[in-house]
Amino acid sequence: MMKTSTLAALVASLSLSLATVPAQAGAVLDRVLAAKTLKVATDANWAPQSFVNDKNEMDGFDIDVAKEIGKHLGVSVEFVTPGWDIITAGKWQGRWDMHVGSMTPTKARAEIFDFPAVYYYTPAAVAVHKDSKAEKLSDLEGKVVGVTATSTFEAYANQDLTLDAAGAPPFTYEFKAGEVKSYANSTTAFDDLRLGDGTRLDAVVSTLPSILDAEKAGYPIKQLGKPVFFEPLAVAVEHGDKELSEKIAEAVDAIRADGTLSKLSVKWYGVDYTVTQ
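My aim in this report is to walk through the structure given alongside it, one point at a time. (Residues numbered from 1 in each chain as written. Predicted model: local features only at pLDDT ≥ 70, side-chain atom pairs only at ≥ 80, totals over all residues. Heavy atoms only, no water.)

**A look at the sheet that holds strand β5 (residues 76-80)**
Here is step 1: Spatially, the eight strands line up as an open sheet ordered β5-β1-β6-β11-β7-β10-β8-β9, and their pairing is mixed. Across the chains shown, the open sheet's two edge strands, defined by having one partner strand only, are β5 and β9 (179-183). Across the sheet, the mean angle from the axis of one strand to that of its neighbour is 25°, orientation sign disregarded.
Here is step 2: For strand β6 (residues 98-103) and strand β11 (residues 221-238), the ladder comprises two bridges, and the chain directions are antiparallel. Of the residues in β11, the one forming a bridge with Met103 is Ala234. (Pairing = 2+ DSSP bridges. Helix = DSSP H or I, 4+ residues; strand = E, 2+ residues; numbered from the N terminus. Axes fitted to C-alpha atoms, helices over the stretch in contact; angles between N-to-C directions.)

Shown next as C-alpha cells:
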C-alpha cells in the first residue's frame, strides 16, 4: 500500500502536469455553450448567400443556415465579417468559432479546417457584359477574367482546381484566361464588369446565384454558357474540437431531415441546391 504522503505528492504532481496541457477536445464548444453565443464568420456583401439588408441586419441563405445551427445548439448567433482571405488563412484565435459562408472543401484547406457538413451544392458560372461578343465559353480564351481572391473561382480560372469533397461532379476547363484579376469579393468584380465589355474585364467567374442576383439588381451582365462546375459547400471550423464538429454535423443532418435546409434553399435561390444537380 502506498503511503498517504507519497500518494498526495503524486496526485499534486499529476494535477500540475494536467494543468499545463492545453485544452483541445471540446474547448471551443465549451466556450460557445458557456457564453451561449456562437460567433460565425461570413461575408457581408455576397447576396443572396449573405448580405446586410435594409434593416441593417445580416440576411441570406448562409445566415439562415447558421441561425439554424445555433438553434440546434441552444445558443444565439453573432455574425462577424472579416475578409475572405483572412478567414481562409486560419489562425482564428477565438475571434470566431465557425464559418458559414459557402466554403468549398479542398485538400489545401483540409490542412487547416475540419468540414463537419456539406450543406449544399451550387453551380459556378461565368458572367459577361450584356454587350459581350462571346457566344460560348471557349470565346473567352486569352481574355481578362475576374474572380474572388483565394476562391475556387480563382483556382478554376487558373486551371488549378481540385474538388475532392463528397458529391462533387467532375468538370472540365472550358477556356484558358489570358489574365486573372483577383478581387475581395464577386460584387467588386461585377462592378468592374459593368463598366463595359473589355473595359476592365471580359468575364467574371462566380456562383450562378450571385450572377443572377446581380442581374436582378440591374447590372448589365448575363450568364455565358452552362455552369462550369458544381461545388460542394460546407461549414468550416479549425482543427481541434471533435465535439464541436459532431454537434454541427448533427444540426445540419437534423435540418436536412426535417426539410428546413431544402426550404431555405428554395426561399433564397428558387431551387433546391441541397442535393447534387
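**Things to note about unusual backbone geometry**
Excluding glycine, most residues fall at negative phi; most peptide bonds, likewise, are trans.
Here is step 1: With omega at 5°, the peptide bond leading from Ala47 into Pro48 counts as cis.
Here is step 2: Mapped onto the elements of the fold, Pro48 is located in the loop between β2 (45-46) and β3 (50-52).
Here is step 3: With a phi close to 55°, Gln93 is a non-glycine residue in the positive phi region.
Here is step 4: Summarising the element assignment, Gln93 is placed in the loop between α4 (84-89) and β6.
Here is step 5: For Gln93, a relative accessible area of 71% corresponds to the exposed category.
Here is step 6: Located in the positive-phi region is Gln159, a residue other than glycine, with phi close to 55°. (Buried < 20%, exposed > 50% of the residue type's maximum accessible area, 1.4 Å probe, protein only.)

**Side note on the layout of surface pockets**
Here is step 1: Volume-wise, the largest pocket comes out at about 310 Å³.
Here is step 2: Residues of the lining of the largest pocket, tallied by class, amount to four nonpolar, seven polar and four charged. (1 Å grid on protein atoms, 1.4 Å probe; cavity = no way out; pocket = protein on both sides within 12 Å on 5 of 7 lines; lining within 4 Å. Points joined across faces, edges and corners; volume = space filled by probe spheres on them. Nonpolar A, V, L, I, M, F, W, Y, C, P; charged D, E, K, R; others polar.)

**Digging into the nonpolar core**
Here is step 1: Membership of the largest hydrophobic core comes to 46 residues, with the highest contact counts inside it found for Phe61, Ile69, Met98, Val100 and Tyr119.
Here is step 2: At six residues, the largest contribution of residues to this core is made by helix α3 (residues 61-73).
Here is step 3: Setting aside residues no more than four positions away along its own chain, Met98 makes contact with Leu38, Lys39, Val40, Ala41, Ile69, Trp92, Val235, Ala236, Val237 and Ile248.
Here is step 4: In terms of nonpolar packing, the next biggest core, distinct from the first, is built from 22 residues, Ala155, Leu163, Ala203 and Val205 among them. (Core = buried A, V, L, I, M, F, W, Y, C linked by side-chain atoms within 4.5 Å. Contact = heavy atoms within 4.5 Å.)

**Quick word on the packing of aromatic side chains**
Here is step 1: Scanning all chains against the criterion turns up 18 aromatic pairs.
Here is step 2: Where Phe171 meets Phe229, the ring centres are 5.9 Å apart and the plane angle is 50°; that geometry is what we call tilted. One end of the pair, Phe171, is in the loop between α6 (152-157) and β9; the other, Phe229, is in strand β11, with 58 residues separating them in the sequence.
Here is step 3: Given the relative accessible area of 2%, Phe229 is considered buried.
Here is step 4: Clustering of aromatic rings is evident, with ring pairs tying together Phe153, Tyr156, Phe171, Tyr173, Phe175 and Phe229.
Here is step 5: Over the aromatic face of Tyr219 sits the side chain of Arg194, whose NZ or CZ is 4.0 Å from the ring centroid. (Phe/Tyr/Trp six-rings, centres within 6.5 Å; stacked < 30°, edge-to-face > 60°. Lys NZ or Arg CZ within 6 Å of the ring centre and 35° of its normal.)

**Quick notes on the side chain of His129**
Here is step 1: If you trace the backbone, His129 turns up in strand β7 (residues 113-129).
Here is step 2: Take His129: its relative accessible area is 6%, and that puts it in the buried class.
Here is step 3: A polar contact is formed between the side chain of His129 and the backbone nitrogen of Asp131, at a distance of 3.0 Å.
Here is step 4: Once residues within four sequence positions are removed from consideration, His129 is found in contact with Leu193, Arg194, Gly196, Asp197, Pro220, Ile221 and Lys222. (Polar contact = N/O pair within 3.5 Å; in protein donor to acceptor, adjacent residues only side chain to side chain.)

**Some thoughts on the sheet that holds strand β4 (residues 58-59)**
Here is step 1: A sheet is described by the order of its strands in space; here three strands give the open sequence β2-β3-β4, paired in antiparallel fashion. The strands lining the two open edges of the sheet, one partner per strand, are β2 and β4.
Here is step 2: Judged from the two bridges that link them, β2 and β3 form a sheet pairing that is antiparallel. Residue pairing across strands places Trp46 opposite Ser50, the latter belonging to β3.

**Some remarks on empty space enclosed by the protein**
Here is step 1: Under the definition given, this model contains one cavity of 30 Å³ or more.
Here is step 2: Lining the largest cavity are 20 residues; nearest its centre among them are Trp46, Trp84, Gly101, Ser102 and Thr148.
Here is step 3: Those elements giving two or more residues to the lining of the largest cavity turn out to be α4, β6, α6 and β11.
Here is step 4: Per element, the largest residue contribution to the lining of the largest cavity is four residues, and it comes from β6.

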